[in-house]
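Take a look at the letters that make up each chain.
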Amino acid sequence: MCIRDSNNRASRQSFQQAIALDEKKTVPLVWLGLAELELREKNYTEALQLGQQMKQHFPGQVFGYDIEASAYKGLGRVDDALQSAQAAIEIQKDPRRVNRLASELTTSGRIPDAIALLEAWTREQPKDVTSLSRLGMLQQHLGNDEQALKAYEKAAALSDADPILLNNMAWLYLGRDDKRAVELATRAYRAAPSRAEIVDTYGWILLQTGKPREGLAALQQALVIAPRNAEIALHVAEGLRQLGRGGEARPILERVMREHPNSDHAASARGMLAQLNR
């Protein structure tokens, strides 16, 4: 028997004894403690039963809905989990619950619903940087670049922007030929020089703004960090091509085609190879 199993068994017994003593149902935290223990142990059916009992014994309190949502998720009942999470927000709306529901909606493919939730929330709480950043990423994912930039810019104005936010803003500014793209990409790179996607953005923006040698060096750095990333490999190949080093680009493109067959990246690699062979 491992120590953790022994401790969990003792904790479960303590919670169960406390619940038995709570005859008037006035101490929801002991119910919550047992339910969270069951969730940690992946006893989702037991956790669900406790969540439903909490809803009955403590009406108007949010804890039962939170437990119910987590248990449904563990059981693979996505729609029920979303319904419980939505009910929890109607009782007690806060940044943690809003972002958790937005994440679950996104995972289930309901990105427009996640965006609507975050838009409504950030109108109520316009200084919630986390929610603004998430809203921007979802808008960018759908190709709504203008709306994404608005959300990002609001978030950046409220606090020191994190590298991912700076990276995403830089990418969008590049598409608008905005000089701020280089500045933000540089800041993101300096803050997170080991994040492949951030180094890639930095190198690609340098490549596209008249600094091919510096750009290629950064792109090659990104490929070292993430050697199987097809998009980064294509960027490196383009940098080599721009510098007249097509012979070095060719094996990179062939590897992309070999490792990512029938993908958009493979199609791009074939197109670049055709240009090199002319």
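If you're wondering where the values come from, they're calculated on a predicted model, not measured in any experiment.

## Digging into the overall build of the chain
- When its secondary structure is counted, the chain shows 16 helices and zero strands.
- At 25 Å, the chain has a C-alpha radius of gyration far larger than the 19 Å of a compact globule built from 278 residues.
- Dimensions of the chain, computed from C-alpha atoms along their principal axes, come out at roughly 80 × 45 × 30 Å.
- Per-residue burial over the chain gives 43% buried out of 278 residues.
- With an accessible surface of roughly 15200 Å², the chain has 48% of that area assigned to carbon and sulfur atoms.
- For the chain, the centre of its 36 positive side-chain charges and the centre of its 35 negative side-chain charges are spaced 3 Å apart.

## Let's talk about the packing of aromatic side chains
- Taken as a whole, this structure holds two aromatic pairs when the rule is applied.
- With a centroid separation of 6.1 Å and 75° between ring planes, the pair formed by Trp31 and Phe58 is classed as edge-to-face. One end of the pair, Trp31, is in helix α2 (residues 28–40); the other, Phe58, is in the loop between α3 (44–57) and α4 (63–74), and 27 residues separate them in sequence. Both residues of the pair, Trp31 and Phe58, count as buried.
- Ring plane angle 5° and centroid distance 4.3 Å describe the contact between Tyr189 and Tyr202, whose orientation is recorded as stacked. Here Tyr189, found in helix α11 (residues 180–191), pairs with Tyr202, found in helix α12 (residues 196–208); they are 13 residues apart in sequence, far enough to count as distant.
- By relative accessible area, Tyr202 is classed as buried at 16%.

## Brief notes about the pattern of salt bridges
- Across all of its chains, the model carries 16 salt bridges by this definition.
- A salt bridge links Glu146 to Lys150; its shortest N-O distance comes to 3.9 Å. With a gap of four residues between them, Glu146 and Lys150 both fall in helix α9 (residues 145–158), about one helical turn apart.
- For Glu146, a relative accessible area of 46% translates into the label partly exposed.
- Where salt bridges share partners, they join Asp66, Asp94, Arg97 and Arg100 into one cluster.

## Regarding unusual backbone geometry
- Unusually for a residue other than glycine, Lys25 sits at a positive phi of about 55°.
- Position of Lys25 relative to the elements: it lies in the loop between α1 (3–21) and α2.
- Look at Asp177: it is not a glycine, yet its phi comes out positive at around 55°.
- With respect to the element layout, Asp177 can be found in the loop between α10 (163–175) and α11.

## Some points on the layout of surface pockets
- In this structure, the largest pocket spans a volume of roughly 220 Å³.
- Within the residue set of the lining of the largest pocket, elements represented by two or more residues are α7 (111–124), α8 (129–141) and α9.
- Per-element accounting of the lining of the largest pocket gives the leading share, four residues, to α9.
- Tallied by class, residues from the lining of the largest pocket come to four nonpolar, three polar and four charged.

## Here's the deal with the packing of α7 against α8
- Contact pair α7 / α8: the axes reach a minimum separation of 10 Å and the direction vectors enclose 145°. In this structure, α7 crosses over α8, and the sense of that crossing is left-handed. Contacts between α7 and α8 involve Ile111, Ala114, Ile115, Leu118, Glu119, Trp121 and Thr122 from the former and Ser131, Leu132, Arg134, Leu135, Leu138, Gln139 and His141 from the latter.
- Its residues placed into classes, the contact of α7 with α8 shows eight nonpolar, four polar and two charged.

## Focus on the nonpolar core
- In terms of nonpolar packing, the biggest core is built from 48 residues, with Ile232, Val236 and Leu253 touching the most fellow members.
- When residues of this core are traced back to their parent elements, those giving at least two are α9, α10, α11, α12, α13 (212–225), α14 (230–242), α15 (246–259) and α16 (264–276).
- With eight residues, α12 is the single largest residue contributor to this core.
- Leave out the neighbours within four places in its chain, and Ile232 touches Ala196, Asp200, Leu219, Ala222, Leu223 and Ala226.

## Quick word on the packing of α12 against α13
- Running from amino to carboxyl end, α12 crosses α13 at an angle of 160°, the nearest separation of the two axes being 7 Å. Considered as vectors, α12 and α13 are oriented roughly antiparallel to each other. Remark: the crossing between α12 and α13 carries left-handed chirality. On the side of α12, the interface is formed by Ala196, Val199, Asp200, Tyr202, Gly203, Trp204, Leu206 and Leu207, while α13 contributes Pro212, Glu214, Gly215, Ala218, Leu219, Gln221, Ala222 and Ile225.

What counts and how
- Numbering of residues starts from 1 in each chain and follows the order in which that chain's sequence is written.
- In keeping with the model being predicted, local features are shown solely for residues with a pLDDT of at least 70 and side-chain atom pairs are shown and tallied solely at 80 or more, while totals for entire chains, interfaces and linings include all residues.
- As a rule here, side-chain values cover all heavy atoms of the structure and leave hydrogens and water aside.
- Strands here mean DSSP runs of E at least two residues long; helices mean DSSP runs of H or I at least four residues long; both are numbered from the N terminus.
- Here the radius of gyration uses the C-alpha set of atoms, whereas the globule reference equals 2.2 Å times the residue count to the power 0.38.
- Each residue is placed in one exposure class: buried if its accessible area under a 1.4 Å probe, protein chains only, is under 20% of its type's maximum, exposed if it is over 50%, and partly exposed if it falls in between.
- Per-residue accessibility takes into account occlusion by the displayed protein chains alone, with areas from the Shrake-Rupley method and a 1.4 Å probe.
- In summary, the charge assignment counts Lys and Arg as positive and Asp and Glu as negative, without counting His or the chain termini.
- Taken as the charge centre is NZ of Lys, CZ of Arg, CG of Asp or CD of Glu, depending on the residue.
- We call Phe, Tyr and Trp rings a pair once their centres come within 6.5 Å, taking the six-membered ring for Trp, and we label the pair stacked below 30 degrees between planes, edge-to-face above 60, and tilted otherwise.
- We define a salt bridge as a contact between a side-chain nitrogen of Lys or Arg and a carboxyl oxygen of Asp or Glu at a distance within 4 Å.
- Detection works on a 1 Å grid of protein atoms alone, calling trapped sets that fit a 1.4 Å probe cavities and calling open sets with protein on both sides within 12 Å along at least five of seven lines pockets, with lining residues defined by an atom within 4 Å of a point.
- Grid points are joined across faces, edges and corners, and a volume is the space filled by probe spheres set on the points.
- Gly counts as polar in this scheme, as do all residues outside two lists: the nonpolar Ala, Val, Leu, Ile, Met, Phe, Trp, Tyr, Cys and Pro, and the charged Asp, Glu, Lys and Arg.
- Fitted lines through C-alpha atoms serve as axes, helices being fitted only where they are in contact, and the angles separating the N-to-C directions of these axes extend from 0 to 180 degrees.
- Here a crossing is taken to be left-handed if its near helix is turned anticlockwise relative to the far helix by less than a right angle, and right-handed if that turn runs clockwise.
- A contact between two residues is defined here by any heavy atoms of the two lying within 4.5 Å.
- Working definition of a nonpolar core: buried Ala, Val, Leu, Ile, Met, Phe, Trp, Tyr and Cys residues. They are joined through side-chain atoms within 4.5 Å.
- Angle categories are assigned with fixed cut-offs, so that under 35 degrees is roughly parallel, over 145 is roughly antiparallel, 65 to 115 is roughly perpendicular, and the rest are oblique.

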